[in-house]
Amino acid sequence: MSDSTRNARTAKRAVVVRQWSKKLISTLNFRTRESIALHKNPRHHHSKFVVSGATISGPTYTKKFILTYSTSSVDVEDIPVPEIPQCTDSLSDELLPDIPRCPRGAGDHPLLVWHSEFQEIYLQELLRLEGRGDCVDVCAECNTNSPLYCCRDCFGGRMLCQECAVLGHALTPLHCLECWNGTFFQKTSLKSLGLRIQLGHAPGQTCGNPKRAFNDDFTVLDSHGIHAVAIDYCDCESAKSLVQQLLRVSWFPATTVNPRSATTFRLLQEFQLLSFESKVSAYEFYHSLARNSDNNGVLDIKGRYESFIRSVREWRHLKMLKWSGRGHDPAGIVNTSSGECAVLCPACPHPGINLPDGWESSPPHRKWLYADFVAIDANFRLKRKHVSSDAIDPSLSDGWGYFVEDSQYRTFLNERQHDIQEKSTCSSHNAVNMADTKSSQGLATTGVSSIVCVRHNFKYPNGVVDLEKGERYANMDYAFFSAMRHSSCNVLNVSYDIACQWHKNLWARMLAFPPALQLQHTIMNTHFFVPKFHLPAHIAKCHTLYSFNFLPGVGRTDGEAPERGWSSINPVASSTKEMGPGSRRDTLDDYFGDWNWKKLTGLGAILLRKLKDAICESAEYQAVLQELEDALMHDEPKAFAEWKEEVYAWEADPSKTNPFDPKVETLTQAAIHLQLARDDVQALRDGTQVILHDNVSPSMLIASGLDLEEQQRRLSLDKASLGLHVSDRQEGLVFHKISSLQRRIDLWTAIQQLYMPVVSIIRQRLSTTSLGTDQPEDYALCLPSAVVAASGTCDKMLMEHEWKLRHAQAHDALHSLRQTLRYRSYILKFKDRHLTGQGANTRACATLKKIEAKITIVTQRYQAAHAALCSLVPYINKTGWQATLRSLRPDDIHSMTDMLGMETEGTRTFSWIWKVHGASRDEGDRDGSLDAMRIEWCKARARANRWTEEVELLMEEMRRTDQFLKWHASWWTERINILPVTDNSLAEGLIAYAHRQASLRHSLKDRFHSMWSSTLAGTNYLGFSTSFTQSLSQESGVYITADATIT
């Protein structure tokens, strides 16, 4: 066999094995101990698939899966799998190009083929349709009269005579006709041809007592355009009202008294769905409709824009009532309760609907599964101008959907308008401290605040309020308590980007609310969190107290759900800001309802995707944790036992010592400077140190040198930032700094000669080799680290002083770098969310430029300190510091939330600068490194536990979704006989709609079952009912134990 043939067969075998492996992954149907390990690491160009002892190179992936499979449980008969040898063969992807490939046809480049061969044909056919085509001289219908009319909406575009055109469109009166004038087609209307539309009777029948529309002038808006039609109402004794006659032909009248225009249901539905998906405004949609009727401006099109937007608003309101079952309630529409028309999240806990019996008395280690997860956030893009008023433009569904009832809300705000806003004690909380910075000139509303389900991103009923001036506590509190009155769970997890400040006096502020909005917080277990993206902008204390990563019982929740929802609704702001108060609230209510419905229909796929990821990630992080704990048990068994007791105690009672906080003191340059000064004083008293200068001790000399070095860096940056066009004032300030620094250097070098005489020789050598400079910012200070590197010798006491100061300087620089990166992260977020206009953004950019300059200085400071430490190490025998103070590369300088390359939230790694917690005063003591190891173990344990919790939580959410859909289907079934009506046709419509909605819930339930079957089949995990598991596929599947391992 030739080499080329062997390579082709080997490559084909690799392709087949990859296909086989993918099928095994997709089924997730595993039983035995044999395994396929797909190591998917974004940092490697190739991965390895191990199948029956054959090692095969594969492409890059972004995740790591550890799966088990059974050849007996996987049907691979449809895959032509050749026998794979049991020896180890290394197959490379480079062999794949040797496989013969199918020739590419015209279908592979359809655009190029169309452009080169068919565009002429297409154009000719378009032009052909401008004429009568193959039309003969007689009507295509009656074969008698001369054909002059063509309908572009009818199939085929036949040429008809006037009589046949009218008769043929009796049931399609909104088609657009064209008339042949001898040379070209002109638009005409069926009304001008004599077509009259009879209402109030069956199609094709005429009324014995017809009544024409007002002035025989009626306009209908439809998908084809704006039509002028002639209608006849039924005016018999048993006739229905004009409005009812229009509605029964699916025409929505613009007014209730003598309507002169209507919009078809089809057009209203089309606009509603199009606005949901594209956020098109009613103005744009209407004028595109008008242009569809006349794109040249030569026809007289009736202006019906105001009628259209009024109909759209009424249509939105009626559809909301219909979807929520208000038409099936004997109490009527007026008795609709607050929030009753909202679409609920089926995966969230709803007592009495989708929670198991006895959930209230579940053991403590299970209660977290029945917690409500909510998030609070504000959006300042959804503003509204001072247009209209509530008296002129009231809401049609005030408080029935997602917005709160407005009059009660305004009354409450008026009572609390003089409350003083509490100031934040945490860093960078301008959302509170600078609540008045939002421009409100000409605005009635500066934005909205909403409460959402943070796990699934559903808007809560009565969880949206308008904001007048920033995120004031009064507004945010009202949204929170108004939404939470619909929840009766006793465990509540609340996410808010300023939760560390907002929650402090929350329960005291609650006492000012109406009793109906107050929560029984004393019997509730409430936890407050800061979203993961926002957390780095907080002070260090908040990073553990309010972190989703460290606190138990939250899974992999990130708290950022509101931000994702705002990205979808923000494009609506351009149209809603011009609306009146009621129109805007009703419109946003409709958008929020559609958002929730889309989330509901896609929930099955979302939960399944998350569960598959969580199972694999949980197994991986549990393995990593086990490996770390095995090493700790071997190396530090006593300390490890203490750590476990400490973290268990903190998780049970957060008031205990926080295990994520470092116990070792962090060094600062100021503290070391003070300690050295005290040592100098003690050495003088003991007579063990000789002072060569009356005012400057050796430690003061080194400390002053470090200060001069810092001033040199700042002066270099100032000179570099001057630019090409410098004002006299700017140049004068720089020259003043130059002269001041030069004087300080001259004084310092004179004293340095006393303690370090060798520097004169070094400086003379630098001047002769042209390495010296006259610029003070480039002057060589020749500190001990530089001297010992150049000459190999220096006073050991001076080197010890510089070592201590440099070591502290490096820690100081890291602390400043981390804080500055937090500031930068916050400023970027604040700029995107709160600032609008060129002026505000320009100022923000100037602030960011200053922050970047500070990052540059701090980085240079650390690098200088690290270089000095490396130079001093061989001469003073210091060890153990390299593990804490590493070389700082550009890739290391990023915030906690920054992700590099293909990293994701669950797989990203922190830069080492965020893992430095300090070092002990005694370099020979291991407590510093052991303390860092303790914190890293706590974090590794938290990561593994959060992924395991995520698996359990997702399984519980699947069960709740299943139960909710089952309950909701039963709820609609009960609506069938709940409303007694005498109108048989209305009763049939009510029953049909209830059956359809119940069937829809059953269909969603079955669809989710079919999605989940391969993953959940055969498991009785976490309380899934027998009926639930039996309804899933009975094929063999994954068995997941309580610790989220796969067997």
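From a predicted model like this one, the values you see are computed outputs, not experimental measurements. (Residues numbered from 1 in each chain as written. Predicted model: local features only at pLDDT ≥ 70, side-chain atom pairs only at ≥ 80, totals over all residues. Heavy atoms only, no water.)

### Overview of the sheet that holds strand S10 (residues 210-212)
Note: strands within a sheet are paired through backbone hydrogen bonds, in either parallel or antiparallel orientation. Spatial ordering of the open sheet is given by S9-S13-S10, a layout of three strands whose pairing is mixed. Each edge of the sheet is formed by a strand with only one pairing partner; in this case those strands are strand S9 (197-198) and S10. Note: S9 against strand S13 (residues 231-234), two bridges, orientation parallel. Across the sheet, Ile-197 pairs through a bridge with Ile-231, a residue of S13. (Pairing = 2+ DSSP bridges. Helix = DSSP H or I, 4+ residues; strand = E, 2+ residues; numbered from the N terminus.)

### Some words on the confidence of the model for the protein chain
The predicted model of the protein chain averages 79 in pLDDT, with 78% of residues at 70 or higher. Across residues 10-17, confidence stays below pLDDT 50; counting only partners more than four residues off in sequence or on other chains, it has 21 contacts. pLDDT under 50 marks residues 432-437. Its contacts with residues more than four places away, or in other chains, come to 12 contacts. (pLDDT = per-residue confidence, 0-100. Contact = heavy atoms within 4.5 Å.)

### Overview of helix H22 (residues 728-755)
The terminal C-alpha atoms of H22 lie 41 Å apart, and with 28 residues this matches the ideal 40 Å at 1.5 Å per residue to within 8%. Here H22 has its buried residues at Val-734, Ile-738, Leu-741, Ile-745, Trp-748, Thr-749, Ile-751, Gln-752 and Tyr-755. (Expected span 1.5 Å × (residues − 1). Buried < 20%, exposed > 50% of the residue type's maximum accessible area, 1.4 Å probe, protein only.)

### Some thoughts on the sheet that holds strand S5 (residues 149-151)
Read across the sheet, four strands follow the order S6-S5-S7-S8 without closing on themselves; strand pairing throughout is antiparallel. A strand with exactly one partner marks an edge of an open sheet, and here the two such strands are strand S6 (159-160) and strand S8 (185-188). Pairing of strand S7 (residues 177-180) with S8 involves four bridges; the strand directions are antiparallel. Each residue of the ladder has a partner; that of Leu-177, found in S8, is Thr-188.

### What to know about the pattern of salt bridges
Under the defined criterion, the tally for this structure stands at 41 salt bridges. Linking Arg-410 and Asp-406 is a salt bridge whose minimum nitrogen-to-oxygen distance equals 3.3 Å. Of this pair, Arg-410 and Asp-406 both sit in helix H9 (residues 406-415), four residues apart, which is roughly one turn of that helix. A residue is classified by how much of its surface remains accessible, and Arg-410, at 25% relative accessible area, is partly exposed. We classify Asp-406 as buried; its relative accessible area is 7%. In this structure, Arg-941 engages Glu-651 in a salt bridge whose closest nitrogen and oxygen atoms are separated by 2.7 Å. Separated by 290 residues along the polypeptide, Arg-941 in helix H27 (residues 927-974) and Glu-651 in helix H19 (residues 637-652) bring together distant segments of the chain. The buried category is assigned to Arg-941, whose relative accessible area is 11%. Sharing partners across several salt bridges, the network here consists of Asp-390, Asp-406, Arg-410, Asp-466, Glu-468, Arg-584 and Arg-585. (Salt bridge = Lys/Arg side-chain N within 4 Å of Asp/Glu carboxyl O.)

### Remarks on the packing of helix H15 (residues 561-569) against helix H17 (residues 581-601)
Put simply, H15 and H17 touch, their axes get as near as 11 Å, and they point 120° apart. Relative to H17, the element H15 is oriented oblique. For the element pair H15 and H17, the recorded crossing hand is right-handed. Where H15 abuts H17, its residues Arg-564, Gly-565, Ser-568 and Ile-569 lie against Leu-588, Tyr-591, Phe-592 and Trp-595. (Axes fitted to C-alpha atoms, helices over the stretch in contact; angles between N-to-C directions. Parallel < 35°, antiparallel > 145°, perpendicular 65-115°, else oblique. Left-handed = near helix turned anticlockwise from the far one by under 90°.)

### Side note on the pairing of strand S21 (residues 491-496)
Counting buried residues along S21, six of its six residues qualify, which places the element largely inside the surrounding structure. On S21, burial covers both faces: Val-491, Asn-493 and Ser-495 on one face and Leu-492, Val-494 and Tyr-496 on the other are all buried. Relative to S21, strand S16 (residues 372-379) is paired through five bridges, and the arrangement is parallel. Note on S21: the bridge partner recorded for Ala-375 is Ser-495. As judged from the five bridges shared by S21 and strand S22 (residues 525-529), these two strands associate in the parallel manner. Looking at the pairing, Ser-495 lines up with Phe-529 of S22.

### Quick look at the state of the cysteines
According to the stated counting rule, one finds zero disulfides in the structure shown. Counting only cysteine sulfurs, Cys-151 is the nearest neighbor of Cys-150, a cysteine outside any disulfide, at a range of 7.1 Å. Given a relative accessible area of 2%, Cys-150 falls into the buried group. Unpaired in terms of disulfides, Cys-345 finds its nearest cysteine sulfur in Cys-348, a separation of 3.4 Å. On the accessibility criterion, Cys-345 (6% relative accessible area) is buried. (Disulfide = S-S within 2.5 Å.)

### Section: the pairing of strand S19 (residues 447-453)
Counting buried residues along S19, seven of its seven residues qualify, which places the element largely inside the surrounding structure. Of the two faces of S19, the one lined by Gly-447, Ser-449, Ile-451 and Cys-453 and the one lined by Val-448, Ser-450 and Val-452 are each fully buried. With five bridges connecting them, S19 and strand S20 (residues 459-467) associate as antiparallel partners. Pairing of Val-452 across the sheet is with Lys-459, part of S20.

### Considerations on the packing of aromatic side chains
In the structure shown here, the tally under the stated rule is 35 aromatic pairs. On the basis of an interplanar angle of 35° and a centroid distance of 5.9 Å, the ring pair of Tyr-478 and Phe-513 is categorised as tilted. Here Phe-513 lies in the loop between helix H13 (506-510) and S22 and Tyr-478 lies in helix H11 (residues 473-484), a separation of 35 residues in the sequence. Neither Tyr-478 nor Phe-513 differs from the other in exposure class; each is buried. Between Trp-643 and Trp-937, the ring centres sit 6.3 Å apart and the planes meet at 35°, which makes this aromatic pair tilted. Taken together, the positions of Trp-643 in helix H19 and Trp-937 in helix H27 put the pair 294 residues apart, joining distant regions of the chain. Neither residue differs from the other here; Trp-643 and Trp-937 are each classed as buried. Each residue in the set Tyr-409, Phe-412, Tyr-478, Phe-480, Phe-481, Tyr-496, Trp-502, Trp-507, Phe-513 and Phe-528 is aromatic and connected to the rest through ring pairs, giving one cluster. Across the ring face of Trp-566, the terminal group of Lys-459 is positioned such that the distance to the ring centre comes to 4.0 Å. Over the ring of Trp-971 we find Arg-975; its NZ or CZ atom is 4.2 Å from the centre of that ring. (Phe/Tyr/Trp six-rings, centres within 6.5 Å; stacked < 30°, edge-to-face > 60°. Lys NZ or Arg CZ within 6 Å of the ring centre and 35° of its normal.)

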